[in-house]
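Architecture at a glance
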Amino acid sequence: MSTDQGDRHAKGAATSPNGSAASGGGVRGSQPSSLLLVGTLAVLSVVAGIAIVLVHGWAQPRIEAHRAAELRQAIEEVLGEPQRYETRWVVDGKLLDSLPAGVDSSAGRPVYAGYAADGHMVGYAVPGQKPGYQDVVKLIFGYDPADRKVIGMKVLESKETPGLGAKITSDSAFIHGFDGVVAPIDGVKHPAQGPHQVDMITGATISSTTVITIINQSLEAVGPALDGSHGGEGS
Amino acid sequence: MTDRTGREVFLRGVWEENPVLVQILGLCPTLAVTNSVDNAIAMALATAFVIVGSSALVSLVKDYIPSQVRMSGYILIIATFVTVVDLIMGAVAPSMSKALGAFVPLIVVNCMILGRAEAFASKNRLLPSILDATGTAAGFSIALLLMGSVREILGSGTFLGIQVMPHNWEPWVIMILPPGGFLTLGAILMGMSWWWQRGEKKDEAVKPRRWPHGVRAPEERRPEMVA
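Residue numbers here run from 1 along each chain, matching the order of that chain's written sequence. Each chain gets a letter, beginning with A, and each ligand a number, beginning with 1, in the order they are written. At least 70 in pLDDT is required for a residue's local features to be given in this predicted model, at least 80 for side-chain atom pairs to be given and counted, and no such filter applies to totals for whole chains, interfaces and linings, which use all residues.

Description of the packing of helix α1 (residues 6-16) of chain B against helix α7 (residues 126-156) of chain B
Residue and element names in this part refer to chain B. The test is simple: Between the N-to-C directions of two axes lies an angle of 0 to 180 degrees, each axis being a line fitted to C-alpha atoms and, for a helix, fitted only over the stretch in contact. Note on conventions: DSSP H or I runs of at least 4 residues are helices, E runs of at least 2 residues are strands, and numbering of each starts at the N terminus. Roughly parallel here means an angle under 35 degrees, roughly antiparallel means over 145, roughly perpendicular means 65 to 115, and every remaining angle is called oblique. Helix crossings fall into two classes, left-handed where the near helix is turned counterclockwise from the far one by less than a right angle and right-handed where it is turned clockwise. Throughout, a pair of residues is in contact if the C-beta atoms placed from their backbones lie within 7 Å. When residues are sorted by character, Ala, Val, Leu, Ile, Met, Phe, Trp, Tyr, Cys and Pro go into the nonpolar class, Asp, Glu, Lys and Arg into the charged class, and all the rest, Gly among them, into the polar class.
α7 packs onto α1 with a crossing angle of 25° between their chain directions and a minimal axis gap of 6 Å. In terms of orientation, α1 and α7 fall into the roughly parallel class. α1 and α7 meet at a crossing whose hand is right-handed. From α1, G6, V9, F10, L11, R12, G13, V14 and W15 reach across to α7, where they touch P128, L131, D132, T134, G135, T136, A138, G139 and I142. Of the residues belonging to the contact of α1 with α7, the class tally is nine nonpolar, six polar and two charged.

So, in structure tokens, the structure goes:
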């Protein structure tokens, strides 16, 4: 920026109406009517509302597309790359193809049935969440009802302590410890023995236990509905 | 205020009245989201958009807003810009939006922004207001980048995700946790006041102090003490 350009700005500022500097900008003079005050804010609010609606209309489909892509990627990861998947709902312990009319989505739990290329069902991806050490831990895991086995686990969201609890999202030994483990899961100190056990992370007992508890509680809630459904060919 | 040149208006926000390092404003994002350099950059850009946009708009509409409701008006303008930034970030940079979380909506309450609207934009024309806001945004960005660099290098051993410390470096995990933010800010502010005081002492040294009769000035005494 050149200096003379700056000077011009300063001159412009110097000539601007600047009656009483102490009270800031605005319309001066006698007390304005309440109608004017309310009217000004109403006009501002309407303009602000329109601006937000316009941006929202442009941004919301993109935000939802990102969320859907993230979920799809997570489902494919925990089910071992199925060919396709379908959304199902577990409502009151029953597995349904779609959410019944009049039932709020918070009353049921979504599960995602994955199918291999030959049409047989590989298992269900089940999302679950629970408060961890710092904030809610959200994860999704693949479940094979035929063998009551966990196929894979992925943490979607967590704010656990960096370097300790955050290992639940990054420590591949911990994450892959869930591959093929049989529910209900039992967290142990190294080494894990038997089909029910997984190794917990040293120094991150609460975060590790949270992950295990989320899987166990989710399976308590939706497991019975899923267990009776295996072997189906899908629609 | 109005007799300053554009360059002065800009530079004052960058250094002399740096919002974080001198005015100690906007500390919530400064402490909360500077655990990595890219978080710091994202927050700096988002805040810069809001402060420049809202200062420009406040300067344009200042003559139409009765002074009794000016604060509500300014907050409304700032909140609109913040909502727009939040939506755009979610659409364009979802991972960044996830990393910054609630701190993007919280830009609304960054007093640095309302401060510029009330102290400068509401009394000045469009171009000086934009210059002032840009300078403040630049000063804010410098402070955030400084914090982010120190914390990421010490706390993760990386800079912008690239390993810069030797591989046997044990990261100081505390630096990317909240206490690390306070420690880093404290150290930077300490460095700043040392810098200012050092300047003041130099000024004093120009005028030699007159010592009472029979007392030698310290600089004359030193060689004897060494010997």
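Concerning the sheet that holds strand β6 (residues 149-157) of chain A
Residues and elements named next belong to chain A. For clarity, the threshold we go by: Pairing between two strands is assigned when DSSP locates at least 2 bridges connecting them.
If you trace the six strands from one edge of the open sheet to the other, you get β2-β1-β3-β4-β5-β6, paired in antiparallel fashion. Because the sheet does not close on itself, it has two edges, and the strands there are β2 (94-96) and β6. Put simply, the sheet's adjacent strands are angled 30° from each other on average, direction ignored. With four bridges joining them, strand β3 (residues 109-115) and strand β4 (residues 121-131) adopt antiparallel strand pairing. Its bridge partner lying in β4, Y112 is registered against A125. The strands that helix α2 (residues 34-78) touches are β1 (84-91), β3, β4, β5 (136-144) and β6; relative to β6, the one it contacts most, it runs at about 150°. Sheet contacts for helix α5 (residues 205-227): β1, β2, β3, β4, β5 and β6; angle to β4, the most-contacted strand, approximately 130°.

Focus on the pairing of β4(A)
Residue and element names in this part refer to chain A. Connecting β3 to the next strand, β4, in antiparallel fashion are five residues, including G119 with a positive phi near 95°. Direction of pairing for β4 relative to β5: antiparallel, over a ladder of eight bridges. Among the inter-strand pairings, P131 is bridged to a residue of β5, identified as V136. Hairpin connection, β4 to β5: the antiparallel pair is bridged by four residues.

What to know about α2(A)
The criterion, for reference: To estimate the expected span of a helix, count its residues, drop one, and scale the result by 1.5 Å. For a residue, the bend is simply the angle between two axes, fitted respectively to the seven-residue segment ending there and the seven-residue segment starting there. Three exposure classes are used, all based on how many other C-beta atoms lie within 10 Å of a residue's own C-beta (placed from the backbone): buried at 20 or more, exposed at 12 or fewer, and partly exposed between those limits.
Taking 1.5 Å of rise per residue, 45 residues should cover 66 Å, and α2(A) covers 61 Å from first to last C-alpha, within 8% of that figure. Along α2(A), the largest kink reaches about 35° and is centred on A:A59; proline A:P61 follows within four residues of it. A:T40, A:L44, A:A74, A:I75 and A:V78 are the residues of α2(A) that are buried. Next to the buried residues of α2(A) lie β1, β3, β4, β5 and β6 of chain A together with α4 (70-92) of chain B.

Let's talk about the confidence of the model for chain B
Going by this rule: Residue-level confidence of the predictor is summarised by pLDDT, bounded by 0 at the bottom and 100 at the top.
A residue-level look at chain B finds 86% of positions with pLDDT of 70 or above and a mean pLDDT of 85. Both confidence scores are given for the complex: pTM 0.73, ipTM 0.73.

Concerning α1(B)
Test applied: As used here, the arc belongs to the directions running from the helix axis to the C-beta atoms.
The complete set of buried residues in α1(B) reads B:G6, B:V9, B:F10, B:R12 and B:G13. Around the axis of α1(B), the buried residues are gathered within 155° of arc, so they sit on the same side.

Things to note about the packing of helix α3 (residues 37-61) of chain B against helix α6 (residues 111-121) of chain B
Residue and element names in this part refer to chain B. Taken N-terminus to C-terminus, the directions of α3 and α6 make an angle of 30°; their axes are 9 Å apart at the nearest point. As far as their axial angle goes, α6 and α3 are roughly parallel. Regarding α3 and α6, the two cross each other, and that crossing is right-handed. Residues V50, I51, S54, S55, V58 and S59 of α3 touch α6, and the partners they reach there are I113, R116, A117 and A121. For the contact of α3 with α6, the residue count by class is six nonpolar, three polar and one charged.

Side note on the pairing of β1(A)
Residue and element names in this part refer to chain A. Strand direction decides the pairing type here: β1 and β3, joined by seven bridges, are antiparallel. Bridging from a neighbouring strand, T87 pairs with Y112 of β3. For β1 and β2, the ladder comprises three bridges, and the chain directions are antiparallel. Residue pairing across strands places V90 opposite L95, the latter belonging to β2. What sits between the antiparallel neighbours β1 and β2 is a turn of two residues, in which D92 has the positive phi angle 50°.

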